[in-house]
Amino acid sequence: DYDAGLRVIDISTPSNPAEVGCCDTPNYAWGVAVAGSYAYVADYDAGLRVIDISTPSNPAEVGYCDTPGVAYDVAVASSYAYVADGDAGLRVIDISTSSNPTEVGYYVTPDYALGVAVAGSYAYVADEDSGLRVIDISTSSNPTEVGYCDTPGKAWGVAVAGSYAYVADYYD
């Protein structure tokens, strides 16, 4: 038996990475984003977990927001976390109060939101059979889709750099 969830690994000596701390989460930790002294964990059926990492050897959960779907991935920008929440689409969560993160908006994508990246005023969602969805998040309470690009397989993950989105796409 072991704790599942967030693992903190010291990589200051790249040839000898070592775990220094962990924080058990209620479900399956699928995705993580770090901003400031907090890690935000997409924890499958248990939604978004907020973990204080100011002491890496002793991370501790300080808040959570249960999402309606299955949290697979998370991206953080400014005072919001954006959660790829399976069939519940993209969830926008205000994280300005770490002990009480609160959903403020959402956009239900056509398929199954599995990955998310944020750049500027847009969230890019890997939406399984519906490819890449581009969501305008400039109004956090009312995100809207502004474009999409279908992919030949199943869009699973996404990263954005400059003017390009890189989508992990697979066939089953």
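Residues numbered from 1 in each chain as written. Predicted model: local features only at pLDDT ≥ 70, side-chain atom pairs only at ≥ 80, totals over all residues. Heavy atoms only, no water.

**Quick notes on the sheet that holds strand β11 (residues 115-119)**
- Taken in spatial order, the four strands make up an open sheet running β11-β12-β13-β14, and their pairing is antiparallel. One side of each edge strand has no neighbouring strand; the edge strands of this open sheet are β11 and β14 (144-149). The mean angle between the axes of side-by-side strands here comes to 25 degrees, regardless of whether they run parallel or antiparallel.
- The sheet contact formed by strand β13 (residues 132-136) and β14 spans five bridges and is antiparallel. Within β14, the residue paired with Arg 133 across the bridge is Tyr 148. (Pairing = 2+ DSSP bridges. Helix = DSSP H or I, 4+ residues; strand = E, 2+ residues; numbered from the N terminus. Axes fitted to C-alpha atoms, helices over the stretch in contact; angles between N-to-C directions.)

**Topic: the sheet that holds strand β6 (residues 60-65)**
- Read across the open sheet, the four strands follow the order β3-β4-β5-β6; overall the sheet is antiparallel. Edge positions in the sheet fall to β3 (31-35) and β6, since each of these pairs with one other strand and no more. In this sheet, neighbouring strand axes are inclined to one another by 25 degrees on average, regardless of whether the strands run parallel or antiparallel.
- The pairing of strand β5 (residues 48-52) with β6 spans five bridges and is antiparallel. Bridge assignment links Asp 52 to a residue of β6, and that residue is Ala 60.

**A look at the pattern of salt bridges**
- Under the counting rule described, the total for this entry stands at five salt bridges.
- Notably, a salt bridge pairs Arg 49 with Glu 61, separated by 3.0 Å at the nearest N-O pair. Taken together, the positions of Arg 49 in strand β5 and Glu 61 in strand β6 put the pair twelve residues apart, joining distant regions of the chain.
- Look at Arg 49 and you get buried, because its relative accessible area is 8%.
- When its relative accessible area of 30% is taken as the criterion, Glu 61 is described as partly exposed.
- Residues Arg 91 and Glu 103 are paired through a salt bridge, measuring 3.0 Å at the closest nitrogen-oxygen approach. Pair noted here: Arg 91 is in strand β9 (residues 90-94) and Glu 103 is in strand β10 (residues 102-107), with a separation of twelve residues, a long-range link.
- Judged by its relative accessible area of 7%, Arg 91 falls in the buried class.
- What makes Glu 103 partly exposed here is its relative accessible area of 27%. (Salt bridge = Lys/Arg side-chain N within 4 Å of Asp/Glu carboxyl O. Buried < 20%, exposed > 50% of the residue type's maximum accessible area, 1.4 Å probe, protein only.)

**Details of the packing of aromatic side chains**
- Using the criterion set out here, one finds twelve aromatic pairs in the structure.
- Ring geometry for Trp 30 versus Tyr 72: centroids 5.0 Å apart, planes at 75 degrees, classification edge-to-face. Taken together, the residues Trp 30 in the loop between β2 (18-24) and β3 and Tyr 72 in the loop between β6 and β7 (73-77) connect sequence positions 42 residues apart.
- Looking at Tyr 72, the relative accessible area reads 10%, which means it is buried.
- Note on Tyr 164 and Tyr 166: the rings are 6.4 Å apart at their centroids and 45 degrees apart in plane angle, and the pair reads as tilted. Tyr 166 shares its class with Tyr 164; the two are exposed. (Phe/Tyr/Trp six-rings, centres within 6.5 Å; stacked < 30°, edge-to-face > 60°.)

**A word on the environment of Gly 31**
- Within the element layout of this structure, Gly 31 appears in strand β3.
- By relative accessible area, Gly 31 is classed as buried at 9%.
- When the C-alpha positions of Gly 31 and Gly 47 are compared, they lie 11 Å apart, and in sequence the two are 16 residues distant.
- Aside from chain neighbours lying at most four places away, what touches Gly 31 is Tyr 40, Val 41, Ala 42, Tyr 72, Asp 73 and Val 74. (Contact = heavy atoms within 4.5 Å.)

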